[in-house]
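# Close look at the chain arrangement
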There are 2 protein chains.
Amino acid sequence: MANKRNRTLVIIGGREDKLGEKVILREIAQRIGAGKLVVATVATRHPHEMYEEYEHVFRRLGVHHIAWLDIERRADAMSDRSIKVMEDATAIFFTGGDQLRITSQLGDTPVFHRVVEIYEHGGLVAGTSAGASVMGETMLISGSGNESHRIGENLGMAPGLGLIGCVVIDQHFAERGRMGRLLGSIAQNPKNIGIGIDEGTAIVIEGGRQLYVLGSGAVYIIDGSGVTESNIADGKEGSTLSIYDLKLHVLSQGDKFDLQKRRPGLVSTAEAIHVEQTNGLEH
Amino acid sequence: MANKRNRTLVIIGGREDKLGEKVILREIAQRIGAGKLVVATVATRHPHEMYEEYEHVFRRLGVHHIAWLDIERRADAMSDRSIKVMEDATAIFFTGGDQLRITSQLGDTPVFHRVVEIYEHGGLVAGTSAGASVMGETMLISGSGNESHRIGENLGMAPGLGLIGCVVIDQHFAERGRMGRLLGSIAQNPKNIGIGIDEGTAIVIEGGRQLYVLGSGAVYIIDGSGVTESNIADGKEGSTLSIYDLKLHVLSQGDKFDLQKRRPGLVSTAEAIHVEQTNGLEH
């Protein structure tokens, strides 16, 4: 269990299926098995309703040990009560809401250090929507949809939880037309890989490196390592972003991506069986 | 004048500025000079209002010879009256509306052949919105915005006017979240370069090869020539598009793109002076 290579992130683009096949939540449930899941509602202003909803779905999917991490202010993330909730946890699920609520209330608290510990010891950390954005070292917190990025405008970045390095994650991706803002964030520092996740779609990252796509939508991978020119630093304020030689991969369920090699690929039969077994599509 | 290398297309992503600096329409006007402009309202169901609007703007920008090509049915595109309107024309401007109205009413008519002749003899053909889409050999006619492309769904293609080969043009690009549908059309045949043009933005293509960006938004160039894998032909109906190794360039005013070499670049000082002179930014 205490195997760093087993550590898993499940990063969901929002609006994951909770009523139908539940491909994504089923995958999470099967990976948790007999372990203990903590549902963290820190991002939302409706923590009670949201906890009840996920508690219900995960219980139906066979997770028996579920606890509620109800953090409404930063002091809650330092309380004995919260530490106790985290005890023996093997998995954390961050709900949607506002990503700044997650990082501002958890950053450097005992609860946060426990999240990292669980993850580093082979546990699972999942998050949807705001809970997805916080996974990277830097996260998008604002920026208009359906708009090309303009120099000096409309893009807010903030430090995330940092569970996965060198990526910037965006969610509700195609649905909210967020290509422009993700391109803006990658132009800022092309060392990061831009990952845009559609609603109803997730990436599973195993061992901090191998990424699999699950769900009904697409995942857009923007690799800026070959960028030859951009006006992000010197462009006139208000002019639109110009950037040459990005690599773009569009992935869907059945695809994987190696974050180290920056290469996409088809999930092999052996891996596919694993995925199908764990997400229950065999039933 | 009768020089094929001078032939020019001005392809606008819709909603070009008609009240402010008018960078795009000014460029068109200055290229027309003392020539004769025909405004073709075939795409729209409000031809009269639309002609009056463009007639007014172009006249203020110094174009003195302006004629109205008012085609409401295919027979109009074969009439002596229309042929007469086209006489001595050196430039055509296609307004917005429905691109299928343009191609279904003009395709293989005397008016269409005259458009080609004007263009091939060093003339200018411009179009906005629907009038932009028709420029390529194949054009997008339907496909949802803010959605990833799904195999076998929501993408309508039709034969365009074919004034420029090996491109698929989409308009209102960032504003309507059309990355998904343009990617779908490029996946169908990666020989084509996908060109997504924002509102208020245009590409000027000189000699069928060299492309310049004008206006306030961005132009997205999708080059599929390096694509290594895609599920467009064999993917399950309804699953989202998967495609690896696209090249993406985002261009703004000051950028150019060589359609033959498929390479972007900055507009040089010499070229920039030309653009500034012709679009009147020096005043």
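You'll find the structure just up there.
Residues numbered from 1 in each chain as written. Chains lettered and ligands numbered in written order. Predicted model: local features only at pLDDT ≥ 70, side-chain atom pairs only at ≥ 80, totals over all residues. Heavy atoms only, no water.

## Some thoughts on empty space enclosed by the protein
Leftover empty space is mapped by rolling, across the atoms, a probe with the size of a water molecule. Using the following cut-off: Only protein atoms enter the 1 Å grid, on which a cavity is a set of points fitting a 1.4 Å probe that cannot get out and a pocket is an open set with protein on both sides within 12 Å along at least 5 of 7 lines, lining residues being those with an atom within 4 Å of a point. Grid points are joined across faces, edges and corners, and a volume is the space filled by probe spheres set on the points. Secondary structure elements are taken from DSSP: a helix is a run of H or I of four residues or more, a strand is a run of E of two residues or more, and numbering for both begins at the N terminus. Polarity classes work like this: nonpolar for Ala, Val, Leu, Ile, Met, Phe, Trp, Tyr, Cys and Pro, charged for Asp, Glu, Lys and Arg, and polar for all others, with Gly in that last group.
Scanning the model with the defined rule gives two cavities of 30 Å³ or more in all. Quantified by volume, the largest cavity comes out at close to 180 Å³. For the lining of the largest cavity, the secondary structure elements donating two or more residues are helix H7 (179-188) of chain A together with helix H7 (179-188) of chain B. Grouping the amino acids of the lining of the largest cavity by side-chain chemistry returns eight nonpolar, six polar and four charged. In this structure, the second largest cavity occupies an estimated 40 Å³ of space. Along its surface, the second largest cavity is lined by Ser148, His149, Gly180, Leu183, Thr240 and Leu241 of chain A together with Ala218, Tyr220 and Val250 of chain B. Partitioned by chemical class, the residues of the lining of the second largest cavity number five nonpolar, four polar and no charged.

## Focus: the relation of the copies chain B and chain A
The line we're drawing: The superposition of copies rests on a least-squares fit of C-alpha positions from residues with pLDDT of 70 or more in both. Two residues qualify as a contact provided that any one of their heavy atoms is within 4.5 Å of a heavy atom in the partner residue.
Under the fitted operation, chain B is carried onto chain A by 0.0 Å of movement along the axis and a turn of 180°, and the coordinates agree to an RMSD of 0.0 Å. Here the symmetry operator amounts to a two-fold rotation axis. The fraction of interface residues of chain B whose copies in chain A are also interface residues reaches 100%, indicating that both copies meet through the same surface.

## Details of the environment of leucine 37 of chain A
Residue and element names in this part refer to chain A. Secondary-structure assignment places leucine 37 in strand E2 (residues 36-40). Along the sequence, leucine 37 and glutamate 53 sit 16 residues apart, while their C-alpha atoms lie 14 Å from each other. In contact with leucine 37, not counting residues within four places along its chain, are Ile32, Phe58, Val63, His65, Ile66, Ala67, Ala91, Ile92 and Phe93.

## Here's the deal with helix H5 (residues 110-120) of chain B
All names here are of chain B. What counts, and what does not: Throughout this description, buried means an accessible area under 20% of the type-specific maximum (1.4 Å probe, protein chains only), exposed means over 50%, and partly exposed covers the range between. Comment: arc refers to directions from the helix axis out to C-beta atoms.
Within H5 the residues assigned to the buried category are Val111, Phe112, Val115, Ile118 and Tyr119. Projected down its long axis, H5 carries its buried residues within an arc of 120°, all on one side. The inward-facing, buried residues of H5 abut strand E1 (8-12), strand E3 (65-69), helix H3 (80-86), strand E4 (91-94), helix H4 (99-106) and strand E5 (124-128). Positive backbone phi, at 90°, marks glycine 122, one or two positions downstream of H5.

## What about the sheet that holds E1 of chain B?
Residue and element names in this part refer to chain B. The condition is simple: Should DSSP find at least two bridges between two strands, the strands are taken to pair. Between the N-to-C directions of two axes lies an angle of 0 to 180 degrees, each axis being a line fitted to C-alpha atoms and, for a helix, fitted only over the stretch in contact.
One open sheet holds the nine strands; their spatial order is E3-E2-E4-E5-E1-E10-E11-E15-E16, and the pairing between them is mixed. One side of each edge strand has no neighbouring strand; the edge strands of this open sheet are E3 and strand E16 (263-266). Each strand of the sheet is rotated relative to its neighbour by a mean of 20°, with strand direction disregarded. Pairing between E1 and E5: five bridges, direction parallel. Pairing of isoleucine 12 across the sheet is with threonine 128, part of E5. Strands in contact with helix H2 (residues 47-60) are strand E2 (36-40), E3, E4 and E5; relative to E3, the strand with the most contacts, it is inclined by about 165°.

## Things to note about the interface of chain B and chain A
Often, the extent of an interface is quoted as the loss of accessible area on bringing the components together. Under the convention used in this document: Buried area adds together the accessible area that both of two parts lose upon being put together, with accessible area traced by a 1.4 Å probe. One speaks of a salt bridge when a side-chain nitrogen belonging to Lys or Arg is within 4 Å of a carboxyl oxygen belonging to Asp or Glu. Residues adjacent in sequence count toward polar contacts only when both atoms are side-chain atoms; beyond that, a polar contact is any pair of N or O atoms within 3.5 Å, and within protein one must be able to donate a hydrogen and the other to accept it.
Facing the 37 residues of chain B at the interface are 37 residues of chain A. Each partner contributes to the roughly 2,700 Å² buried at the junction of chain B and chain A, and carbon and sulfur atoms together form 46% of this total. Here chain B is connected to chain A by four salt bridges. For aspartate 245 of chain A, the salt bridge goes to arginine 263 of chain B, with nearest N and O atoms at 2.6 Å. Taken together, chain B and chain A are joined by 28 residue pairs in polar contact (both at pLDDT 80 or more). Of all the secondary-structure elements, those providing two or more residues to the side of chain B that touches chain A are H7, strand E14 (243-251) and E16 of chain B. It is E14 of chain B that provides the largest number of residues to the side of chain B that touches chain A, a total of nine residues. Residue classes in the side of chain B that touches chain A are distributed as 14 nonpolar, 13 polar and ten charged. Across five bridges, the pairing between strand E14 (residues 243-251) of chain A and E14 of chain B is antiparallel. By the bridge assignment for E14 of chain B, leucine 246 of chain A is matched with leucine 248 of chain B.

## Topic: unusual backbone geometry
For lysine 22 of chain B, which is not a glycine, the phi torsion comes out positive at approximately 55°. Turning to its location among the elements, lysine 22 of chain B is positioned in the loop between E1 and helix H1 (23-32).

## Remarks on the sheet that holds strand E16 (residues 263-266) of chain A
Residue and element names in this part refer to chain A. Strand order in this open sheet of nine strands is E3-E2-E4-E5-E1-E10-E11-E15-E16, and the pairing throughout is mixed. For this open sheet the edge positions go to strand E3 (65-69) and E16, each flanked by a neighbour on one side alone. Pairwise comparison of adjacent strand axes, ignoring direction, gives a mean angle of 20° for this sheet.

## Here we look at the layout of surface pockets
Of the voids in this model, the second largest pocket is the one considered here, and its volume is about 620 Å³. Lining the second largest pocket are 29 residues, and of these Lys236, Ser239 and Thr240 of chain A together with Gly215 and Gln253 of chain B sit closest to its centre. Broken down by secondary-structure element, the contributors of at least two residues to the lining of the second largest pocket are strand E13 (229-230) of chain A together with H1 of chain B. For the lining of the second largest pocket, the element with the most residues is H1 of chain B, which contributes three residues. Residues belonging to the lining of the second largest pocket are distributed by class as follows: five nonpolar, 14 polar and ten charged.

## Considering the packing of helix H1 (residues 23-32) of chain A against helix H2 (residues 47-60) of chain A
Residue and element names in this part refer to chain A. The cut-off we apply is this: Here the angle decides the label: under 35 degrees means roughly parallel, over 145 means roughly antiparallel, 65 to 115 means roughly perpendicular, and every other value means oblique. Crossing handedness is read from the near helix: turned anticlockwise from the far helix by less than a right angle, it gives a left-handed crossing, and turned clockwise, a right-handed one.
Direction vectors running N to C along H1 and H2 enclose 70°, while the axes themselves pass 9 Å from each other. Taken together, the axes of H1 and H2 are roughly perpendicular relative to one another. As H1 runs across H2, the sense of the crossing is right-handed. Touching Leu25, Ile28 and Ala29 of H1 are Tyr54, Val57 and Phe58, all from H2. Grouping the constituent residues of the contact of H1 with H2 by class yields six nonpolar, no polar and no charged.

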